[in-house]
Amino acid sequence: MKLLKRIVVSLLLLFLLTVVTLVVVTFAYENEVKDYMIRQLNKNLKTKVIVNPKDIQLTLLKSFPYASLDFKNVIMLEAPISNSKQDKKGNVKFLKQDTLFSLSTISLQFNVVDILNKRYVVKKISAENGKVKLRVGADGSQNWDVWKRSGDTTAASVESAFNLKKLNLENISLQYFDFKNRSDVSCMVRSGAIAGAFTSKQYDLSIKGDVFANHFRLDSINYIANKPLKMDFSLQVDNDKHQYDFSDALLYVSDLKISVAGKYVVNDRSDYVDVFLKGKDMNVQSVLSLLPEKYHKHISDYDSDGEFYCNAHISGKIDDVNSPEIKADFGITKADITQVSSGVELKDVHILGNFYSSSVSSKYFLDLKTFSASLANGKIAGNIRMDNFSAPNI
C-alpha cells in the first residue's frame, strides 16, 4: 500500500513538474517565437494578413507534445486573379481583391524540443471556425498562390520556418470557384485532415474529411445538393509533373460508396483527367437522389428499390472549351419501381446499359441493352437507345 502511494505521489509530482516547466518555457520563449514567425510570414507572404498582435499567443499545453502559436480572428487577403485571358498585347484584367480566409483560430504547431533548441519549424497547422474562399482565374491563376517562390526570398529561411506535415480543419465554410473550368463548389468542412511531406517534390498525400456539400456545379448543372460527403483518399503527388495519382481512394456520398483510381494533371492551358469510378453497395433510390436538381421533377412521382452498380471512366481535357469524355456501364437488378400517382408497379426489374458523353465528338447516348420487368398482367422485355439529349433520337 505504501509503495502504491509513493508511485501515485511520484506521478503527481512529475505531472506538476512538467506543467510548471511548460509554463516557464512558454513565458521564456513566447516573444521570441512570435517575433521570429511574424518576421518569416512577412518575408515570405505576397499578400496581407490582418491580425491584432494581442491575439497571438504561444501555448504548450493545448497540443502537447507540440507547442502551438495561436492566431485569433485572422483575415488574409487573396492573391490577384483574372477573369479573362491575356489579350494580344499580354494585358490581363484582374478581379477586385477579395478575402482568402477569415478564421476564428489558426494554430502553427512546433515540436517542443525544437523550441528548446531554438529551431522554430512549423510541422502542423490547424484552422477552426471560419470561411475559406478559393478562386481560379480564367488564365489559371490561383488566389491561394500567396507564398513567395524560392527565387523571391531566401530558400533556407523558408525551409527552416516551415516543414509542414499535416493540416487540420474544423468547422470551415469552404467555397471554390473556377473561372477557367466553370465549376462552383460550396461546402461545410465539419472535420478534415490533409497529411503529407508538402515541401517535397514527390510525396504521398492523405486526405480525410467529413463534409456537407451545399452545391457542386459544373457548367451551371448542380450535381450534388445538400448531401453529406466523406472522403478517404491516398494520392501520390509529383510537383515536377504537376500530377496527382489516386491509388486507394474512397468517396462516400450520402449512403453511396465510390472507389476512385486514376490521375489528374494540372497544366497551364488545359488540365487533364483520367479517372475510374466504381460504385459499391449501392441501391436504386440512393442513386436517383444524386441526379442533378433539374431532373428531380421527372422522378419525384416514382418510388424504387433494388440493387444498382456502376463503373465509369472519365478522361480528357478540362478547360473553358473542352469537357472530359465520360463512359459508364451500369446495371439494376431485383428492383421494384412504382409510379405513385397511378399505382402502376414494375417488379423484378433488370436493366443492363451504358452511357457515353463526349464534347469533342458532340456524341451523347444512353443505351439500355436489356430491359425486363414483371407487371400485374404479364412481363415486358426489350431494349432502347437514346441519342442526342437536346433533340432526342430514340
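Bear in mind the structure is a predicted one, so any value in this text is a computation, not a measurement.

Conventions we followed
- Residues numbered from 1 in each chain as written.
- Predicted model: local features only at pLDDT ≥ 70, side-chain atom pairs only at ≥ 80, totals over all residues.
- Heavy atoms only, no water.
- Helix = DSSP H or I, 4+ residues; strand = E, 2+ residues; numbered from the N terminus.
- Buried < 20%, exposed > 50% of the residue type's maximum accessible area, 1.4 Å probe, protein only.
- pLDDT = per-residue confidence, 0-100.
- Contact = heavy atoms within 4.5 Å.
- Salt bridge = Lys/Arg side-chain N within 4 Å of Asp/Glu carboxyl O.
- Core = buried A, V, L, I, M, F, W, Y, C linked by side-chain atoms within 4.5 Å.
- Phe/Tyr/Trp six-rings, centres within 6.5 Å; stacked < 30°, edge-to-face > 60°.
- Lys NZ or Arg CZ within 6 Å of the ring centre and 35° of its normal.
- Polar contact = N/O pair within 3.5 Å; in protein donor to acceptor, adjacent residues only side chain to side chain.
- Pairing = 2+ DSSP bridges.

Caption draft 1: Looking closely at unusual backbone geometry. One non-glycine residue, N73, lies in positive phi territory at about 55°. Its location among the elements puts N73 in strand 3 (residues 66–77). By relative accessible area, N73 is classed as exposed at 52%. The phi torsion at N129 lies on the positive side, around 55°, for a residue other than glycine. Summarising the element assignment, N129 is placed in strand 5 (residues 122–136).

Caption draft 2: Fine view of the confidence of the model for the chain. Looking at the chain as a whole, its pLDDT mean stands at 79, while 78% of the residues score no less than 70. Here residues 153–159 scores under 50 on pLDDT; set against residues more than four positions off or in separate chains, the count is eleven contacts.

Caption draft 3: Region of the structure containing the pattern of salt bridges. Summed over all chains, the structure comprises eight salt bridges. Of the charged contacts in the structure, one is a salt bridge between D98 and K133, with a shortest N-O distance of 2.8 Å. Of this pair, D98 sits in the loop between strand 3 and strand 4 (99–111) while K133 sits in strand 5, and the two are 35 residues apart along the sequence. Since its relative accessible area comes to 24%, D98 is described here as partly exposed. Relative accessible area serves as the criterion here: at 26%, K133 is assigned to the partly exposed category. A salt bridge links D387 to R385, with the shortest nitrogen-to-oxygen separation between them at 3.0 Å.

Caption draft 4: Summary view of the nonpolar core. By size, the foremost hydrophobic cluster in this structure holds 36 residues, and its most contacted members are L69, F71 and L108. Examining the composition of this core, we find that six residues originate from one element, strand 4, more than from any other. What F71 contacts, discounting residues up to four positions off in sequence, is L41, V51, D55, I56, S104, T105, I106 and L108. In terms of nonpolar packing, the next biggest core, distinct from the first, is built from 16 residues, A328, I332, I351 and A373 among them.

Caption draft 5: Representation of the packing of aromatic side chains within the structure. One pass over the full model with this rule turns up four aromatic pairs. Taking 4.7 Å as the distance between ring centres and 70° as the angle between the ring planes, the aromatic pair formed by F177 and F179 counts as edge-to-face. Residue classification places F177 among the partly exposed residues on the basis of a relative accessible area of 34%. Taking the relative accessible area as the measure of exposure, F179 reaches 30% and is therefore partly exposed. For the pair F308 and F330, a centre-to-centre distance of 6.4 Å together with 15° between the ring planes defines the contact as stacked. Of this pair, F308 sits in strand 14 (residues 302–318) while F330 sits in strand 15 (residues 325–339), and the two are 22 residues apart along the sequence. Per residue, the accessibility class of F308 equals that of F330, and both read buried. The ring of F365 has R385 sitting right over it, with the charged end atom 3.9 Å from the ring centre.

Caption draft 6: How the structure looks around the side chain of N222. Inspection of the secondary structure puts N222 in strand 9 (residues 221–238). A relative accessible area of 7% means that N222 is categorised as buried. For N222, the side chain forms a polar contact with the main-chain nitrogen of F216, separated by 3.0 Å.

Caption draft 7: View of the pairing of strand 7 (residues 183–195). Of the pairings in the sheet, the one linking strand 7 to strand 8 (residues 202–218) comprises twelve bridges and is antiparallel in character. Bridge pairing in strand 8 places V189 opposite V211. Hairpin remark: strand 7 followed by strand 8, antiparallel, with six residues in the connecting loop.

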